[in-house]
Amino acid sequence: MLFRSFTALAFLRLAAGHHIDPDTDVAVYLPWFHPTYKHVPAHISIRQLLHHTSGIPWQTISLIPELGGKDALQRTVAKVANVALRHRPGSVYEYATINYDILALLIQQLSGESFEQYMQDSVFNALQLSATTIGAPEDSSRMATGYKIGFFKARPYDAPVFRGNNAAGYVISDPSDMARWLKFQLGDIPSPLFALAQQ
């Protein structure tokens, strides 16, 4: 869940700068987004995405496509454009990874730059997280090797790319930057972004 807090902060910074009400219907910005609840058109607010109370089922994680192109985020969110909600929006908490992919697409559309670039400029650089990126490492030689259990032992694993899901957990960092991020969250590092992180 730690990595989603980066995306939440990025959106809150964008919202503050553009005077965006978090209770606005997502469809105002994504007019092709038409979820339903019990076969009736439903309206999901940005705040409900942030708090995982959108009603989007957790199983939608299986719809996230393995993509690496520039349109990966748009194509990922399009997979749930007509999703049937499990709960009425705002009524029940249910974690769904794709909530944060929708937020990332809103960031991309409203900022006019890629989600990854906005994160780099407005969050990582602003907080002086010099070893932190999203989606792809700045220096791949510093990356730890990933492993996956197969045939009864851990084996090196080259994970597939899910660029459309970067917002939900593909932050790449090091221990020093993670310590700085946690200090920021605790208010131990002066930053104008701290007020947003408290929301």
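Before reading on, note that the structure itself is shown above.
Residues numbered from 1 in each chain as written. Predicted model: local features only at pLDDT ≥ 70, side-chain atom pairs only at ≥ 80, totals over all residues. Heavy atoms only, no water.

## Regarding the pattern of salt bridges
Okay, step 1: Summed over the entire model, instances satisfying the criterion amount to five salt bridges.
Okay, step 2: Between Arg75 and Asp71 there is a salt bridge whose closest N-O contact spans 3.8 Å.
Okay, step 3: Judged by relative accessible area, Arg75 falls into the partly exposed class, the value being 44%.
Okay, step 4: With relative accessibility at 39%, the residue Asp71 sits in the partly exposed group.
Okay, step 5: Salt-bridge contacts for Arg163 lead to Glu116; the nearest nitrogen and oxygen are separated by 3.2 Å. Note that Arg163 is positioned in the loop between strand E5 (153-156) and strand E6 (171-172) and Glu116 in helix H5 (residues 115-124), a separation of 47 residues in sequence. (Salt bridge = Lys/Arg side-chain N within 4 Å of Asp/Glu carboxyl O. Buried < 20%, exposed > 50% of the residue type's maximum accessible area, 1.4 Å probe, protein only. Helix = DSSP H or I, 4+ residues; strand = E, 2+ residues; numbered from the N terminus.)

## Here we look at the packing of helix H1 (residues 4-18) against helix H6 (residues 175-185)
Okay, step 1: Taken N-terminus to C-terminus, the directions of H1 and H6 make an angle of 55 degrees; their axes are 12 Å apart at the nearest point. Judged on the interaxial angle alone, H6 and H1 are oblique. Taken as a pair, H1 and H6 cross one another with a handedness that is left-handed. Mapping the contact onto sequence places Ser5, Phe6 and Leu9 in H1 and Met178, Trp181, Phe184 and Gln185 in H6.
Okay, step 2: Among the residues making up the contact of H1 with H6, the classes are represented as five nonpolar, two polar and no charged. (Axes fitted to C-alpha atoms, helices over the stretch in contact; angles between N-to-C directions. Parallel < 35°, antiparallel > 145°, perpendicular 65-115°, else oblique. Left-handed = near helix turned anticlockwise from the far one by under 90°. Contact = heavy atoms within 4.5 Å. Nonpolar A, V, L, I, M, F, W, Y, C, P; charged D, E, K, R; others polar.)

## Some words on the pairing of E5
Okay, step 1: Here four bridges tie strand E4 (residues 147-150) to E5, and the two strands are oriented antiparallel to one another. If you follow Tyr147 over to E5, its bridge partner there is Pro156.
Okay, step 2: The antiparallel hairpin formed by E4 and E5 contains two residues in its connecting segment, where Phe151 sits at a positive phi of about 55 degrees. (Pairing = 2+ DSSP bridges.)

## Details of the nonpolar core
Okay, step 1: In terms of nonpolar packing, the biggest core is built from 48 residues, with Phe6 and Ile102 touching the most fellow members.
Okay, step 2: Contributions of two or more residues to this core are made by H1, helix H2 (46-50), helix H3 (72-78), helix H4 (98-111), H5 and H6.
Okay, step 3: Dropping the residues within four chain positions of it, Ile102 is found in contact with Val26, Leu30, Phe33, Leu49, Ile56, Val77 and Val80. (Core = buried A, V, L, I, M, F, W, Y, C linked by side-chain atoms within 4.5 Å.)

## Observations concerning the side chain of Asp25
Okay, step 1: Mapping Asp25 onto the fold places it in the loop between H1 and strand E1 (36-37).
Okay, step 2: Of note is the side chain of Asp25, whose polar atom sits 2.9 Å from the backbone nitrogen of Ala27.
Okay, step 3: At 2.6 Å, the side chain of Asp25 and the side chain of His43 are in polar contact.
Okay, step 4: Not counting residues up to four positions away in its chain, the partners in contact with Asp25 are His43, Ile44 and Ser45. (Polar contact = N/O pair within 3.5 Å; in protein donor to acceptor, adjacent residues only side chain to side chain.)

## Some remarks on H6
Okay, step 1: Turning to H6, its buried residues are Asp177, Met178, Trp181 and Phe184. Mapping the buried residues of H6 onto a view down its axis gives an arc of 115 degrees, with all of them on the same face. Along H6, the residues that are exposed and aim more than 90 degrees away from the buried face are Pro175 and Ser176.
Okay, step 2: Elements in contact with the buried residues of H6: H1 and helix H7 (194-197). (Arc of directions from axis to C-beta.)

## Some thoughts on the packing of H1 against H5
Okay, step 1: Following both chains from N to C, one finds H1 and H5 inclined at 80 degrees, their axes separated by 10 Å at the closest point. What the angle tells us is that H1 and H5 run roughly perpendicular. Contact residues: Phe6, Thr7, Leu9, Ala10, Arg13 and Leu14 in H1; Phe115, Tyr118, Met119, Ser122, Val123 and Phe124 in H5.
Okay, step 2: Class assignment of the residues belonging to the contact of H1 with H5 gives a composition of nine nonpolar, two polar and one charged.

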